[in-house]
Amino acid sequence: KEYPDCGIACAHELEQRIQVYGPDNIAAFIVEPIGGSSTGGAVPPEEYFPIIERICHEYEVLLIVDDVMMGCGRTGTFYGFEHWDVTPDIVATSKGLSAGYSPIGAIMSSDTVVKPILESGGFMHGHTYAGNPLSAAIALAAVQEILDRKLVENTRNTGTYMHECLRELKDKHPLIGDIRGRGLIAGVEFVQDRAMRQPFPANWYVALEATEIARNNGLLLYPRRSVMGLMGDHVLIAPPLIISEAQVDELIDRFDKTLEQLGSLLASHVVSTFADFSDPTVERYQQRDDVPDYAIGDVSNVEAQDEANVTAAMEIGHISVADMRFGQEDEHA
């Protein structure tokens, strides 16, 4: 389905699932504001989150936003969900919270969630490294740097420029099927046929090939597969929040070079595929000489074949089930 003819079916499906299982059996709905590695920066339609929030409130299901990858300025707002006028019940964040210098994560909850827990006496929760002072100090410094240097604003402006440049590359390279994302996160999907959205064969490992070529060109990409992790290829581009437009130009030049080399490699794959192809099709009405009678409908002289029966074959070879079970087959196995 395609927007807007889809009628935002992706959001209304949540209500259908709740009605199937019953709201009393569902604690929460967890969602990324913008898709991360699994969907390559997929951005939902503008109506999506308001519909999701309305459904969650109506059925008293908690709305939990996974802002681990998209939080702390990555998409041009400090939190990814801030692109829409919604208020989650719980938000999880990490990654950019410490700029990757030290492991740390945080969970923020609304008063509606926290107050009943406190009034009931709370609950014991903790782990060995909770409240780690080094991680806390690094996170504080990283967040302060993001705010003082106005990196969220830089992400929004420079990210817009980066996406404009990537769309120009899409016009140049037919192997790009889609450019997704917002701010300084971009998903680039590779397809064999853009019109039909046909992915490349899974055993060509296109995203991995692109990543290796890019590394040789001094560019780091994040390869993933788009369809259930089994097929389809995309890469994520996620430069530092401090990147300038001049550095974006350098990134685009290196990616353009990467796509040129990737296109040549894929072309050679196509050529070799056709070169190795042999047509096994038998001309119509042509019959092979060694086809048995029963295969062409003549069963008048067909006799039973003992070897075609598993039990008979074992008896002929003097192999018992017990022998086979314990690996004691004789030379007839």
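Summarised in this report is the structure supplied together with it. (Residues numbered from 1 in each chain as written. Predicted model: local features only at pLDDT ≥ 70, side-chain atom pairs only at ≥ 80, totals over all residues. Heavy atoms only, no water.)

Comments concerning the nonpolar core
Piece 1. Within the largest apolar cluster, 65 residues are counted, with the highest numbers of intra-cluster contacts made by F29, L166, F190, I237 and F255.
Piece 2. In terms of residue count, the dominant contributor to this core is helix α7 (residues 245-276) (seven residues). (Core = buried A, V, L, I, M, F, W, Y, C linked by side-chain atoms within 4.5 Å. Buried < 20%, exposed > 50% of the residue type's maximum accessible area, 1.4 Å probe, protein only. Helix = DSSP H or I, 4+ residues; strand = E, 2+ residues; numbered from the N terminus.)

Some points on the side chain of R74
Piece 1. Within the secondary structure, R74 sits in the loop between β2 (62-66) and β3 (90-93).
Piece 2. No salt bridge is formed by the buried R74, whose closest oppositely charged neighbour, D67, lies at an N-O distance of 10.0 Å.
Piece 3. A distance of 2.7 Å separates a polar side-chain atom of R74 from the backbone oxygen of L184.
Piece 4. There is a polar contact of 2.6 Å between the side chain of R74 and the backbone oxygen of P239.
Piece 5. Residue contacts for R74: discarding those within four places in its chain leaves M69, T155, R182, G183, L184, I185, A238, P239 and L241. (Lys, Arg positive; Asp, Glu negative; His and termini not counted. Salt bridge = Lys/Arg side-chain N within 4 Å of Asp/Glu carboxyl O. Polar contact = N/O pair within 3.5 Å; in protein donor to acceptor, adjacent residues only side chain to side chain. Contact = heavy atoms within 4.5 Å.)

Some remarks on a nonpolar patch on the surface
Piece 1. Where nonpolar side chains cluster on the molecular surface, the patch consists of V227, M228, L230 and M231 and spans about 450 Å² of accessible area.
Piece 2. Within the element layout of this structure, M231 appears in the loop between β7 (222-224) and β8 (233-237). (Patch = residues over 30% accessible without salt bridge, like charges linked within 9 Å, V, L, I, M, F, W, Y side chains within 5 Å. Areas by Shrake-Rupley, 256 points an atom, 1.4 Å probe, with all protein chains shown as cover.)

Topic: the side chain of R225
Piece 1. Along the polypeptide, R225 turns up in the loop between β7 and β8.
Piece 2. Here the side chain of R225 touches A202 through a polar contact of 2.3 Å, landing on its backbone oxygen.
Piece 3. Setting aside residues up to four positions removed in sequence, R225 forms contacts with S38, A202, N203, Y205, L230, M231, G232, D233 and H234.

Some thoughts on helix α2 (residues 48-58)
Piece 1. Those residues of α2 lying buried are Y48, F49, I51, I52, E53, I55 and C56.
Piece 2. Those residues of α2 hidden inside the fold are in contact with α1 (9-21), β1 (28-31) and β2.
Piece 3. Remark: E60 follows α2 within two positions and exhibits a positive phi of approximately 55°.

Thoughts on the pattern of salt bridges
Piece 1. Evaluated as defined, the whole model comprises 12 salt bridges.
Piece 2. Note that D178 and R180 form a salt bridge whose closest N and O atoms lie 3.1 Å from each other.
Piece 3. Judged by its relative accessible area of 25%, D178 is partly exposed.
Piece 4. One salt bridge connects E250 with R254, and the closest N-O pair in it is separated by 2.6 Å. Highlighted residues: E250 and R254, both in helix α7, separated by four residues, approximately one helical turn.
Piece 5. On the accessibility criterion, R254 (30% relative accessible area) is partly exposed.

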